[in-house]
Amino acid sequence: MPLLIYLFVLLAAWCVAEDCASRQLEPGLVPAVTQVSAGPGGVTYGLAPGSCTEGRCAPVIQLLSSGKLVDFIPLDFAASEAALTREEGNSGLAELTPVEAWTAGSEEGAVTTALQSVRLTPAGNGLLVHQTAGFEHIKRRHDLFVADGKKLKRVWSAAEGAGPAWSAAEVVPSGNGRTDEIIYLRGFRPGGTEADTLTARRLVWDDTKQELAVQPLAILPAVTTGEYSSVKTARRAAASSCLNEYWVLPANRFGGAASKFVLARVAARKQTIEAEMARPCEARPARRMAKFRPAGTVE
Amino acid sequence: MPAITGSVGEDALNKTHDVALVQAMLRIVKNAKGSPYLGGHYDGAYGGITKSAIIAFQNDNAKTIQAGQKGKEKLGVVDAAGATITALSAALPATHKELRIIPNTKTVYLEGAQADAQASANAIRNDAEFETTFKNLLAKLVDTMYADHKIVLKLTPTGRRRTFAQQAAEVNTKAGPGESNHNFGRAADIGFKGFRWIQGDGTIKTDADWLNALEVASAAKANALWDARDAIAKTLPLFRLNFERVHLQLHDQSTFSNINSLVKLLNTAGKMKWNKGYKCDFGLGGALYPAGTAKQIWAGTATVTKANLAAALTAKEVAAQSKKVFKEADITQKQIGDMQKALKAEFEAADTNWIKWTKVP
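Residues numbered from 1 in each chain as written. Chains lettered and ligands numbered in written order. Predicted model: local features only at pLDDT ≥ 70, side-chain atom pairs only at ≥ 80, totals over all residues. Heavy atoms only, no water.

K.L.:
Would you take a moment to explain the overall build of chain A for this structure?
P.N.:
A tally of helices and strands in chain A yields 4 helices and 20 strands. For chain A, the residues scored as buried account for 50% of the 299 residues in total. Within chain A, residue pairs in contact and separated by at least 24 positions form 51% of the contacts whose partners lie at least 6 positions apart. Entry remark: accessible area of chain A is about 14,000 Å², with carbon and sulfur atoms responsible for 55%. (Helix = DSSP H or I, 4+ residues; strand = E, 2+ residues; numbered from the N terminus. Buried < 20%, exposed > 50% of the residue type's maximum accessible area, 1.4 Å probe, protein only. Contact = heavy atoms within 4.5 Å. Areas by Shrake-Rupley, 256 points an atom, 1.4 Å probe, with all protein chains shown as cover.)

Below, the structure written as structure tokens:
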């Protein structure tokens, strides 16, 4: 019996040192359903079904070296089932960029997870993971992972709070053309007589600090229509046409009068706005290209 | 008057919520020089700064508090029913008199108005668009939340029953018309009306129904308040969803399928025969054919093919002992359009009869 106690204490001590309660490597961990390169040297990120606890199955982000699992982190949104099924398209999780999206579970227990490579340095890629969850009300979150030697690290996260929130983390090429940056958009549709809110952040990788840093963001491309004297009339206009996904925002965010409101769609890329302009939509007055000024609303 | 449940100070009980409340009061109340007794932000963690602030307040109010004297509070300790908390309460400005905190949370807030809570509960009880059992439980939640915590809950602008048409216009959902619990008066989005919480620096923040500002300041603190609401909801019982905090509903979501439940209602309220995945007999009594998603059917773009409609019409002829056979080429686009309208009419009948909805696993 004393030997058993000794072994238990030894195991417990090892577990504390290795943080095994949260990240114990399971020998039988399911292989990744898809992999994304972390850069040269055969290091990849993988997405795999996770184990289930009390009916909650959190997909897992893996770090693999030459195909061998070296570390993993379970994602925050857990589905009602573990098995991952490939979605067609990118499930609206990223503008234009083709990303792989995988869904586990169904109806309220459904969680869709999409992986997107981000060139953080000319030689190394991070992994941006988008998740949407729920059926009645959709919630989104975004996590950025990096490989730090044989460790997988989550270096940035953004999640939506309660209510009719919306968010997107868009990968765009940086000015140098050799790396990417992230435009993080966060919106809220309160309904009723209050205007929607939309904020934007430009996030650039700081390789020295190994973190994303907020950088100034002057304008974002947008498309707007109308100029309404109240939120109520703007909402009515949005509900009666193909514009129901447009934001009801103060016109001064687009260079208009502070007392007016417009219907708007804002994107991280100009191509997205051009595609939106090309989408058939009998909006009156006609839609027009605009510039969204996030200044003053960057959190 | 703000109340603590246990002592705060050196070697005291120092429950998180009590510490937070005392700290917040010391942050709000100012000394003779116009400086707050607590220099930093309140956080619910007891330490040297809090200790110094308590002692400074006790010393400045030595005549009334008499800390350290026989039979009085110890210097540096605030007792639950002692002179220090009474003096602190008296020193609060009129704007901050009704401070409260929920046990095991860290957010100090101001009491809501009883009239608002009553109006909110009454509006729910009188709402004809809610199922009776549900609205009574929801109103009870509002009553209990106010009785227990002096917090006013209210329905959000889009939190009531939604018609199928309103559901179709929703953008932040995967649930199509008839696939949301909101469509059947058995769910509501119920948030916090005019919730005024005390920021770290002692100033008042009036939040939106969804605690957006608190969420930005600290998601954990916002979740703690939703948890307090849900702790009451659970006893009624009302059920939350896994991912959306503002939503509460009559039934445990893990016990039923929204899609299967809608299929049952379609069979109850409509004229056609429906099965899982919106397979339908087109009202012709034969086999069932896929009609598309709820969104497609409601939009009038149900996936009715000429082949399926021809087969369904032929089956009806066979059932009537007729030998007439419909071929795909016999089906006109108008017939397809008419069938799409008929399918939408089934959904409209379900919308009209929303009260008859029952849950199906």
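K.L.:
Where do I start with the packing of helix α5 (residues 114-125) of chain B against helix α6 (residues 132-149) of chain B in this structure?
P.N.:
Think of two packed helices as two axes; the pair is described by the angle between the axes and how far apart they sit. All names here are of chain B. At their nearest, the axes of α5 and α6 sit 8 Å apart, and the two run at 175° to each other. The angle between the axes of α5 and α6 places the two elements in the roughly antiparallel class. Along the contact surface, α5 presents Q114, A117, S120, A121, I124 and R125, while α6 presents K135, L138, A139, K140, V142, D143 and Y146. Among the residues making up the contact of α5 with α6, the classes are represented as 7 nonpolar, 2 polar and 4 charged. (Axes fitted to C-alpha atoms, helices over the stretch in contact; angles between N-to-C directions. Parallel < 35°, antiparallel > 145°, perpendicular 65-115°, else oblique. Nonpolar A, V, L, I, M, F, W, Y, C, P; charged D, E, K, R; others polar.)

K.L.:
What is the right way to look at the interface of chain B and chain A in this model?
P.N.:
Where the parts come together, the accessible area they lose is often given as the size of the interface. With 31 residues of chain B at the interface, the matching set in chain A holds 30 residues. Of the roughly 2,600 Å² buried at the junction of chain B and chain A (both faces included), carbon and sulfur atoms supply 55%. When the area that chain B buries against chain A is broken down by residue, the three leading residues are N172(B), K174(B) and F243(B), summing to 32%. Linking chain B with chain A are 1 salt bridge, by the criterion used here. For K139(A), the salt bridge identified is with E244(B), shortest N-O distance 2.9 Å. Elements with a minimum of two residues in the side of chain B that touches chain A: α7 (164-169), α8 (212-217), β10 (247-249) and α10 (258-269) of chain B. When residues in the side of chain B that touches chain A are grouped by element, the largest group, 3 residues, is from α8(B). Grouping the constituent residues of the side of chain B that touches chain A by class yields 12 nonpolar, 12 polar and 7 charged. (Buried area = accessible area lost by both parts, 1.4 Å probe. Salt bridge = Lys/Arg side-chain N within 4 Å of Asp/Glu carboxyl O.)

K.L.:
Looking at this model, I keep getting lost on the pattern of salt bridges. Mind explaining?
P.N.:
All names here are of chain A. With the rule as written, the count across this model stands at 28 salt bridges over all chains. Residues R119 and D180 are paired through a salt bridge, measuring 2.8 Å at the closest nitrogen-oxygen approach. Here R119 is found in strand β9 (residues 111-119), whereas its partner D180 is found in strand β14 (residues 180-188), with 61 residues between them in sequence. A relative accessible area of 29% places R119 in the partly exposed class. Taking the shortest distance from any N to any O, the salt bridge between D196 and R189 comes out at 4.0 Å. Via salt bridges that share partners, D76, R141, D143 and R154 belong to a single interconnected network.

K.L.:
How should the state of the cysteines be read in this particular structure?
P.N.:
Defined simply, a disulfide is a covalent bond joining two cysteines at their sulfur atoms. All names here are of chain A. In the structure shown here, the tally under the stated rule is 2 disulfides over all chains. One disulfide bridge connects C52 with C57, the sulfur atoms lying 2.0 Å from each other. Note on the C52 and C57 pair: the S-S dihedral is about 110°, so by sign convention the disulfide is right-handed. For C52, a relative accessible area of 43% corresponds to the partly exposed category. Each sulfur of the disulfide joining C242 and C281 lies 1.7 Å from the other. On the S-S bond that ties C242 to C281, the torsion sits near 90°, and the link is right-handed. Within this pair, whereas C242 is found in the loop between α3 (231-239) and β18 (247-250), its partner C281 is found in the loop between α4 (270-278) and β20 (288-292), the two being separated by 39 residues in sequence. (Disulfide = S-S within 2.5 Å.)

K.L.:
Is there a simple way to think about the pairing of strand β6 (residues 68-74) of chain A in this case?
P.N.:
Side-chain positions along a regular strand alternate between the two faces of the sheet. Residue and element names in this part refer to chain A. Looking at chain direction, strand β5 (residues 60-65) and β6 are connected through 6 bridges and run antiparallel. Note on β6: the bridge partner recorded for I61 is I73. Taking the residues that link successive antiparallel strands as the turn, the β5-β6 hairpin has 2 residues, and the phi of S66 there is positive, at about 50°. (Pairing = 2+ DSSP bridges.)

K.L.:
Looking at this model, I keep getting lost on the nonpolar core. Mind explaining?
P.N.:
Where a protein is soluble and globular, its nonpolar side chains tend to be buried together. All names here are of chain B. Formed by 37 residues in total, the largest nonpolar core has its most connected members in L138, L141, I151, I190, F192 and L238. Secondary-structure elements contributing two or more residues to this core are α5, α6, β5 (153-155), β6 (187-192) and α9 (219-235). Among the elements that make up this core, the one with the highest residue count is α6 (7 residues). In contact with F192, other than residues within four places in its own chain, are M145, I151, V152, L153, A208, D209, L211, L225, W226 and R229. (Core = buried A, V, L, I, M, F, W, Y, C linked by side-chain atoms within 4.5 Å.)

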